[in-house]
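Topology and contacts: notes
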Amino acid sequence: MILHLYLARRFLRAILIVTAVFVGILMPIDIAEQMRRIGGEQGLGAVVELSLLNLPRALYAWLPLFVMLATVVLFLGLARSSELVVVRAAGRSALRTALSPVVVAFGIGVLALLILNPIVAATSREYQLTVARYQGAEERAVSVSSEGLWLRQGTLTEQTVINAQGTNSDGTHLFDATFFTFDAEGIVTRRISAEEARLVDGAWNLEGVKSWPLAGAPNAEAAASLQDRLVLPSTLTAEQIRDSFGRPYTVPIYELPGFIAQLNAAGFAAVQHRIWLQMQLSNPLMLSAMVLIGAGFTMRHTRFGKTGIMVLAAILLGFGVYFIRDFAEVLGESGQLPASLVAWAPPVSAILLAMGMLLHMEDG
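First things first, this report covers the structure right here in the doc.

Procedures and definitions
- Residues numbered from 1 in each chain as written.
- Predicted model: local features only at pLDDT ≥ 70, side-chain atom pairs only at ≥ 80, totals over all residues.
- Heavy atoms only, no water.
- Buried < 20%, exposed > 50% of the residue type's maximum accessible area, 1.4 Å probe, protein only.
- Core = buried A, V, L, I, M, F, W, Y, C linked by side-chain atoms within 4.5 Å.
- Helix = DSSP H or I, 4+ residues; strand = E, 2+ residues; numbered from the N terminus.
- Contact = heavy atoms within 4.5 Å.
- Lys, Arg positive; Asp, Glu negative; His and termini not counted.
- Salt bridge = Lys/Arg side-chain N within 4 Å of Asp/Glu carboxyl O.

**Notes on unusual backbone geometry**
Although it is not a glycine, D176 adopts a positive phi angle of roughly 50°. By relative accessible area, which is 45% here, D176 ends up partly exposed.

Given below as structure tokens:
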């Protein structure tokens with residue numbers, strides 16, 4: 001137990017060192033990127049604010065690589081001080097020696113899921129709103145609730161709020177839709193109800209339309225008109241509707257299942273959000289896999305030589321698993337792979353591969 005605690009403490013210290021080094025590298029780069037994004041007229045304080053808001057998401061995304069590099073740092077240090085030789089001479093196998101870092105990595109993954117994930121969601125939302133404010137852009141044009149899909153479009157002189165009870169997968173074909181038009185002072189001027197509404201370039205094509213003029217009409221129902229078709233100008237595009245939902249990382253893990261249910265009820269497939277949920281749940285396993293990959297190449301004495309080659313191989317394999325997982329995520333979002341396979345296959349495969357390497361090393 002004492003040895004396990006010692007290795008766990010050394011591993012945690014290695015993670016802190018690696019994280020601090022990368023924060024020192026990432027911050028100046030991100031500050032330069034934020035300055036390019038919003039321009040220098042906002043001042044250095046605004047740029048640093050955006051960098052700090054963006055930092056938790058970057059650290060959360062790169063956490064598996066931090067864990068793998070920390071594993072390399074840990075076992076290289078143990079090998080150079082001959083502590084690893086003493087541990088192996090005491091009769092401890094390679095798998096048993098790697099158990100403490102694996103447990104610590106798994107625990108870090110669970111804590112990151114429960115604590116860091118909501119922090120990342122909050123800071124990411126605040127980051128997007130702050131960037132939009134500095135750039136003078138509008139806030140999100142779409143929201144989903146129990147009352148259906150809500151969209152907002154318009155210009156400085158006129159705004160239109162749209163509510164639909166159902167939609168297709170990308171929000172361009174609405175069912176049982178209602179359009180509320182407001183003037184520049186926020187007064188409702190017209191209400192339009194349509195059985196169906198299709199978004200085309202620069203307009204909504206409405207079918208089964210009933211229109212109520214609300215501005216200056218003493219009896220809106222008496223002044224209502226029925227039309228088979230109506231073309232209503234629009235400032236929305238399909239890309240804006242998709243982007244307005246925000247990235248899945250802006251939704252805390254506790255709220256994500258309910259948000260996915262709302263998207264499904266509104267008619268959206270929510271593929272990105274379902275894959276993101278599964279990937280977050282598999283993250284502790286991914287961190288454990290990174291520890292085993294780092295251990296498989298570095299749990300050997302430095303006198304055997306080729307230490308640089310082994311470290312390079314560990315880093316390349318760790319990066320390879322990380323980017324294969326990202327590639328699988330892209331395939332999943334395009335509908336070519338199921339969410340469970342995308343999220344769980346890479347870490348499970350990496351664990352089996354690393355355990356095979358450790359057992360091969362153990363057998364000599």
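Now, onward.
**What about the nonpolar core?**
Across soluble globular proteins, nonpolar side chains show a tendency to be buried alongside one another. Core analysis: the biggest nonpolar cluster contains 62 residues, and F11, V67, F75, L256, M290, L292 and M299 have the highest contact counts within it. The leading source of residues in this core is helix α3 (residues 63-80), at 13 residues. Ignoring any residue separated from it by four or fewer positions in sequence, one finds F75 in contact with L84, T97, A98, P101, A295, T298 and M299. In terms of nonpolar packing, the next biggest core, distinct from the first, is built from 18 residues, L149, L151, A197 and L236 among them.

**Here we look at the side chain of E329**
By the element assignment, E329 lies in helix α11 (residues 307-333). One buried charged residue, E329, forms no salt bridge at all, with the nearest opposite charge on R325 at 7.1 Å. Once residues lying within four places of it in the same chain are set aside, the contact partners of E329 are I275, W276, M279 and V342.

**Topic: the environment of I309**
As for its placement among the helices and strands, I309 is situated in helix α11. Each C-alpha atom, one on I309 and one on F297, is 9.2 Å from the other, the two residues being 12 residues apart in sequence.

**Quick notes on the environment of N117**
Inspection of the secondary structure puts N117 in helix α6 (residues 99-135). For the pair N117 and R57, spaced 60 residues apart in the sequence, the C-alpha separation amounts to 8.6 Å. Residue contacts for N117: discarding those within four places in its chain leaves Y60, A112, V251, P252, I253, W276 and Q280.

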